[in-house]
Amino acid sequence: MLRPWAAHWVAAVLLCRAVAQYSSDQCSWRGSGLSHESHRRDVEQVYLRCSQGSLEWLYPTGAIIVNLRSNIESSPGHMSGLHVCIKPQVYSQGSHVYLEHAGDLRLLLAEKDQAQGTVHCFSLAEGVLFVEAIPQADISRRITAFQYELVPSQGPAMHMFPYLQPGLVACKPCSDEEVLMAVCTSDFAGSGVFQGVAPGTNKHSMATVTLRRLFHQKSRVFAWGGARGRNWSGRINVPAQCSVRPGGDEYLLTGSVHFGEAWLGCAPRYKDFLKLYIQVQNAGTNPCQVDTN
């Protein structure tokens, strides 16, 4: 059951879908509630067409609807498999974030929870983001801000990303096909050892790693240097259900990058991967080339 003010907003949304559209670019948006402060019941429309970006709403008044779509041409089936993950900035305040679908509002992120900076994910098919300003006398210090990513439900390391499917993280060994695909398509791939594990949240811990080889990476999550300047080093998030052992064997490390942080995906022992890679190379069926020397 919607509260009276929520019902008013939904009615405004249904009647004024095409009103007051503005956006700074296709990936990120920055706007101000002062542009319509005299019309505090206004509903703005924002359209973003990138796989990741950000939103910053200064002096929030009224409400905004955030429509997110990928900038890659996709089939309806592919679009239905996409999820949206948002990460509020720790200074974000001044509004509540809802999901709106067919006139119904469901609270996704209350104002008081935004300072935690916790990632929240939902299926793109569940609706659009409805950001409603909290009425207050002084809006001069209020800013609502978050980052967003469009994430496929399937793909390298997705089964290890705890925010996408809470409680369903599967710490199972990857098949040969999954390992070979991960080397080619993951956001990062290299070989190295776990140096240590630090406590994180109840959903994940943080492992420090040293890489002897770095096949490729996204967003520079691993830095060149390390011991005597001959290695790559960095940190990888590991789901709490999955244990890692510092030291010892060298592993193939693959995974995904979300909001600038690396998440572990397939991680077989490097010697096992090397044997598999040589086999597929000799058979002429390897999906991509990497320098294993």
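Attention here is on the structure that accompanies the text. The structure displayed is predicted, hence computed values, not measured ones. (Residues numbered from 1 in each chain as written. Predicted model: local features only at pLDDT ≥ 70, side-chain atom pairs only at ≥ 80, totals over all residues. Heavy atoms only, no water.)

Tallied over the entire structure, the rule returns five aromatic pairs. Look at Y270 and F273: their rings are 5.8 Å apart centre to centre, the planes differ by 45°, and that puts the pair in the tilted class. Linking Y270 with F273, this pair stays in helix α4 (residues 270-283), spanning three residues, or about one helical turn. Judged by centre distance (5.6 Å) and plane angle (35°), the ring pair of F273 and Y277 falls under tilted. Residue F273 and its partner Y277 are located together in helix α4, separated by four residues, close to a single helical turn. (Phe/Tyr/Trp six-rings, centres within 6.5 Å; stacked < 30°, edge-to-face > 60°. Helix = DSSP H or I, 4+ residues; strand = E, 2+ residues; numbered from the N terminus.)

What follows is about the packing of helix α3 (residues 176-185) against α4. Viewed as axis vectors pointing N to C, α3 and α4 meet at an angle of 85°, and their least axial separation amounts to 11 Å. Considered as vectors, α3 and α4 are oriented roughly perpendicular to each other. Of the residues in α4, those in contact with D176, V179, L180 and V183 of α3 are F273, L276 and V280. Residue composition of the contact of α3 with α4, grouped by class: six nonpolar, no polar and one charged. (Axes fitted to C-alpha atoms, helices over the stretch in contact; angles between N-to-C directions. Parallel < 35°, antiparallel > 145°, perpendicular 65-115°, else oblique. Contact = heavy atoms within 4.5 Å. Nonpolar A, V, L, I, M, F, W, Y, C, P; charged D, E, K, R; others polar.)

So, about the sheet that holds strand β10 (residues 143-152). Here five strands make up an open sheet; going across it, the order is β1-β3-β10-β5-β8 and the pairing mixed. Of all strands in the sheet, those bounded by a partner on one side alone are β1 (29-32) and β8 (120-123). The sheet shows a mean angle of 20° between the axes of neighbouring strands, direction not considered. In this sheet, β8 lies alongside strand β5 (residues 82-88) in antiparallel orientation, the contact comprising four bridges. By the bridge assignment for β8, I86 is matched with H120. (Pairing = 2+ DSSP bridges.)

Scanning the entire structure with this criterion turns up four disulfides. Sulfur-sulfur distance for the disulfide between C27 and C50 comes to 1.8 Å. Between C27 and C50 the sulfur-sulfur dihedral comes to about -50°; the bridge is accordingly left-handed. A residue pair is termed long-range when its members are at least 10 positions apart, and C27 in the loop between α1 (4-15) and β1 and C50 in the loop between β2 (43-48) and β3 (52-58) qualify at 23 residues. (Disulfide = S-S within 2.5 Å.)

Attention shifts here to unusual backbone geometry. Residues other than glycine seldom take positive phi values, yet A102 does so here, at roughly 50°. Tracing the backbone shows A102 in the loop between β6 (95-101) and β7 (104-109). Looking at A102, the relative accessible area reads 67%, which means it is exposed. One non-glycine residue with positive phi stands out, namely F259, at about 50°. Within the secondary structure, F259 sits in the loop between β15 (251-258) and β16 (261-264). Look at F259 and you get buried, because its relative accessible area is 13%. (Buried < 20%, exposed > 50% of the residue type's maximum accessible area, 1.4 Å probe, protein only.)

Take the nonpolar core next. Ranked by size, the top nonpolar core spans 24 residues in total, and within it V66, L68, I86 and L129 carry the most contacts. Here I86 is in contact with V97, L108, L109, T118, V119, H120, L129, F146, Q147, Y148 and F259, once residues within four sequence places are set aside. By size, the runner-up hydrophobic cluster in this structure holds 17 residues, among which are A207, L253, V257 and A262. (Core = buried A, V, L, I, M, F, W, Y, C linked by side-chain atoms within 4.5 Å.)

Distances and angles like these do not, on their own, reveal function.
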